[in-house]
Amino acid sequence: MPDVAQITVAPARIAELTALIRATGTETRTTVTPLTGADVATIPVSTEQDVLDAFEAARVAQRGWARTPLRRRTKALLKLHDLILTHQRELLDLVQLESGKARSHAFDEVLHTALTGRYYGRRLSRILGPHRRAGAYPLITGIRQYHQPKGVVGLISPWNYPLSMALVDGLAAVAAGNAVVHKPDSQAPLTALAIIELMHRAGFPRDLWQVVSGAGSVIGSTIIDHADYICFTGSTATGKRIAAQCSERLIGCSLELGGKNPMVVLPGADVEKAVEGTVNAAFSSAGQLCVSIERIYVHDSIYEQYRDALAERLARVSYGANADWEVEMGTLVSPAQLATIEKHVADALDHGASLVSGGRARPDIAPWFHEPTVLENVPESALCFAEETFGPLVSLYPYRSVGEAVAMANDTVYGLNASVWGPVKQARKVAPKIKAGTVNVNEGFAATFGSIGAPMGGMKESGTGRRQGAEGLLRFTEVQSVAVQRVMPVGGPAAVPKRTFAAAITVGLLLLRRFTRKA
Ligand code: NAD
């Protein structure tokens with residue numbers, strides 16, 4: 001069986017990657033791998049001047065890139081798709097090394113990123129246009145809507161999906177004609193650097209995507225001071241600070257934030273399938289996933305059957321911190337993450353919750369590994385009742401009526417993702433009642449997450465803006481309307497008295513309305 005020893009990256013390769021960071025100072029940070037707790041890389045930390053230099057270089061590159069024909073951008077995006085798939089081995093190793101997740105969950109990231117390149121590559125000209133719109137006068141006013149790039153986008157990404165959470169947004173930004181100044185999380189910069197190298201090979205200009213590194217509060221803040229738009233993925237608390245700073249400069253931002261995502265298991269649901277789905281929905285990437293399920297509402301009639309089947313299934317889950325594709329759950333990323341899970345579990349038990357499954361740290365598997373854990377009887381006073389845990393912890397709640405389940409699912413400050421299990425006809429009716437940006441029927445999150453053509457993002461405190469789909473690209477553009485007026489000015493021909501013109505327009509509009517009632 002493959003073991004940890006298979007997941008290594010040569011020091012020379014790490015040096016090649018870290019050389020892509022714009023950093024001239026002497027300060028460094030050491031990253032560690034959650035697989036073993038061992039040191040991985042010495043990462044140079046950028047100075048504020050490095051960030052300014054990154055913006056200067058990015059602005060020059062962006063001006064040239066915005067002038068390149070769309071077909072060249074398309075070619076680069078599609079070539080990147082191929083390169084990601086053919087170089088997946090190193091990307092999988094880096095994702096696992098930096099995040100500790102299972103191999104198959106690392107592959108989700110590779111796939112998500114490749115599919116994003118493909119989607120925007122194939123749809124770019126259709127989405128960006130220009131598009132004709134109805135003019136003030138039919139035939140006389142010709143109007144077209146253009147989407148101009150914002151300029152330089154500041155991209156701040158988290159550690160949990162070091163590849164796809166950076167690239168899904170960043171690729172849309174460059175596809176729309178922008179440059180990017182990117183600050184990956186300090187824990188996981190190597191994965192992003194490896195893909196940027198692939199971007200150079202795919203034909204993206206070298207300076208188009210700048211990488212800087214350092215503390216969010218220092219480097220992140222400097223990025224916001226100089227960017228034309230901010231794309232942030234991370235916690236709701238940081239997102240609120242970033243929104244405030246962006247509003248000072250009147251620049252736009254998209255914020256992909258936290259969640260406390262509910263699953264509703266309807267009466268008549270196939271319990272076996274719902275249990276199997278729960279394993280992925282709640283424990284993928286060890287629950288360190290923004291769209292992960294943390295609350296499960298199960299109809300009274302099947303509650304005990306579901307609970308017992310879930311406990312039985314979790315007793316058979318395969319754990320590991322290695323390159324085995326069959327491992328179902330990897331480790332948490334850091335001691336801080338482990339401390340949060342342990343705190344939430346202990347606090348819930350102190351408040352009267354009962355343990356259905358798991359509940360223990362497992363340092364024998366990896367230093368910060370925690371078993372997938374299920375609680376029931378969790379009271380409102382427990383931390384994990386409403387707070388995002390961001391780990392392998394779910395709580396079960398029985399319900400009597402579907403209306404009650406929907407109300408409980410919506411009783412949260414968040415609105416990122418939801419899941420409904422049951423007969424499709426019934427589940428389809430319930431899904432739109434849940435206030436979440438994505439709702440998956442008979443899936444946890446993967447159906448919407450993997451549908452690149454459909455927008456994804458949060459309602460309420462889960463964020464603003466959407467990634468994926470046309471919306472995911474258009475947020476990085478300024479809409480510009482260009483009108484061409486022919487034959488006569490909008491105010492009417494000079495030879496016609498204003499009053500006569502006003503009367504003619506009035507009669508014309510009323511007749512138009514009469515004969516085109518439905519329009
Ligand atoms: P975090 O908010 O602590 O950090 C995210 C990034 O922001 C890091 O790169 C960090 O260095 C940077 N940062 C921190 N303070 C900053 C500041 N003041 N200015 C600018 N940048 C700053 O979040 P995290 O703990 O790394 O990630 C976990 C959180 O992210 C969870 O809440 C999770 O739900 C959320 N998340 C959301 C999505 C989504 O798509 N909605 C995806 C992944 C993670």
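Conventions we followed
Residues numbered from 1 in each chain as written. Predicted model: local features only at pLDDT ≥ 70, side-chain atom pairs only at ≥ 80, totals over all residues. Heavy atoms only, no water. UniProt positions renumbered as here; feature names shortened; annotations may be inferred. Pairing = 2+ DSSP bridges. Helix = DSSP H or I, 4+ residues; strand = E, 2+ residues; numbered from the N terminus. Axes fitted to C-alpha atoms, helices over the stretch in contact; angles between N-to-C directions. Contact = heavy atoms within 4.5 Å. Buried < 20%, exposed > 50% of the residue type's maximum accessible area, 1.4 Å probe, protein only. Near = heavy atom within 4 Å. Polar contact = N/O pair within 3.5 Å; in protein donor to acceptor, adjacent residues only side chain to side chain. Areas by Shrake-Rupley, 256 points an atom, 1.4 Å probe, with all protein chains shown as cover. Nonpolar A, V, L, I, M, F, W, Y, C, P; charged D, E, K, R; others polar. Domains from an automatic or database assignment.

- With an unreviewed UniProt entry as reference, the protein is termed Succinic semialdehyde dehydrogenase, source organism Aeromicrobium flavum.
- The Sequence similarities (unreviewed entry) comment attached to the protein in UniProt states, word for word, "Belongs to the aldehyde dehydrogenase family."

### Focus: the sheet that holds strand β13 (residues 373-376)
And then number 1: In space, the seven strands of this open sheet follow the order β12-β13-β14-β11-β10-β16-β17, with mixed pairing throughout. Looking along the sheet, the strands with just one partner apiece sit at the ends: β12 (354-357) and β17 (438-441). Each strand axis lies, on average, 25° off the axis of its neighbour in the sheet, ignoring direction.
And then number 2: Both strand β16 (residues 417-421) and β17 contribute to a ladder of four bridges, which runs parallel. Bridge pairing in β17 links S419 to N440.
And then number 3: Those strands touched by helix α11 (residues 303-314) are β10 (261-265), β11 (293-299), β12, β13 and β14 (393-399), and its axis lies near 160° from that of β14.
And then number 4: Lying on the sheet, helix α14 (residues 402-410) is in contact with β10, β11 and β14; it crosses β14 at an angle near 150°.

### As for the pairing of β13
And then number 1: Side chains of β13 alternate between two faces, with T373 and L375 and V374 and E376 buried alike.
And then number 2: Note: β12 against β13, three bridges, orientation antiparallel. Considered in β13, the bridge of S354 is made with E376.
And then number 3: Two strands pair when backbone bridges link them, and β13 and β14 are joined in this way by four bridges, in the parallel orientation.

### A few points about the site of the ligand
And then number 1: In the vicinity of the ligand lie 26 residues, with S235, T238, L257, E388 and R467 positioned nearest.
And then number 2: Here an oxygen atom of the ligand sits 2.9 Å away from a polar atom, N or O, in the side chain of K183.
And then number 3: Between the ligand and the protein, one listed contact pairs a nitrogen atom with a backbone N or O atom of E256 at 3.5 Å.
And then number 4: In isolation the ligand exposes 850 Å². Once the protein is present, 88% of that is buried.
And then number 5: Looking at the shell around the ligand, the elements that each hand over two or more residues are α8 (216-226), β8 (229-233) and α9 (236-249).
And then number 6: A per-class count over the shell around the ligand returns ten nonpolar, ten polar and six charged.
And then number 7: Of the residues that make up the shell around the ligand, three or more belong to each of domain 1 (8-130 + 150-257 + 470-477) and domain 2 (261-457).

### Quick look at the environment of Q468
And then number 1: Mapped onto the secondary structure, Q468 falls in the loop between β19 (463-464) and α17 (469-474).
And then number 2: A relative accessible area of 0% means that Q468 is categorised as buried.
And then number 3: Residues Q468 and V168, 300 residues apart in the sequence, show an inter-C-alpha distance of 7.2 Å.
And then number 4: Residue contacts for Q468: discarding those within four places in its chain leaves H112, Y120, V168, T448, F449, S451, I452, A454, P455 and M456.
And then number 5: Among the polar contacts listed, one links the side chain of Q468 to the backbone oxygen of A454, at a separation of 3.2 Å.

### Considering the sheet that holds β19
By way of backbone hydrogen bonds, the strands of a sheet pair with one another, either parallel or antiparallel.
And then number 1: Taken in spatial order, the six strands of this open sheet run β7-β6-β5-β8-β9-β19, and their pairing is mixed. Strands with a single pairing partner mark the edges of an open sheet, and in this sheet they are β7 (209-211) and β19.
And then number 2: By the bridge criterion, two bridges tie strand β9 (residues 252-256) to β19 in an arrangement that is antiparallel. Following the sheet pairing, L255 is matched in β19 by T464.
And then number 3: Strand contacts of helix α6 (residues 164-175): β5 (152-156), β6 (179-183), β7 and β8, with the helix running at about 145° to β7, the strand carrying the most contacts.
And then number 4: Of the strands in this sheet, β5, β8 and β9 touch α9, which is tilted by about 175° from β9.

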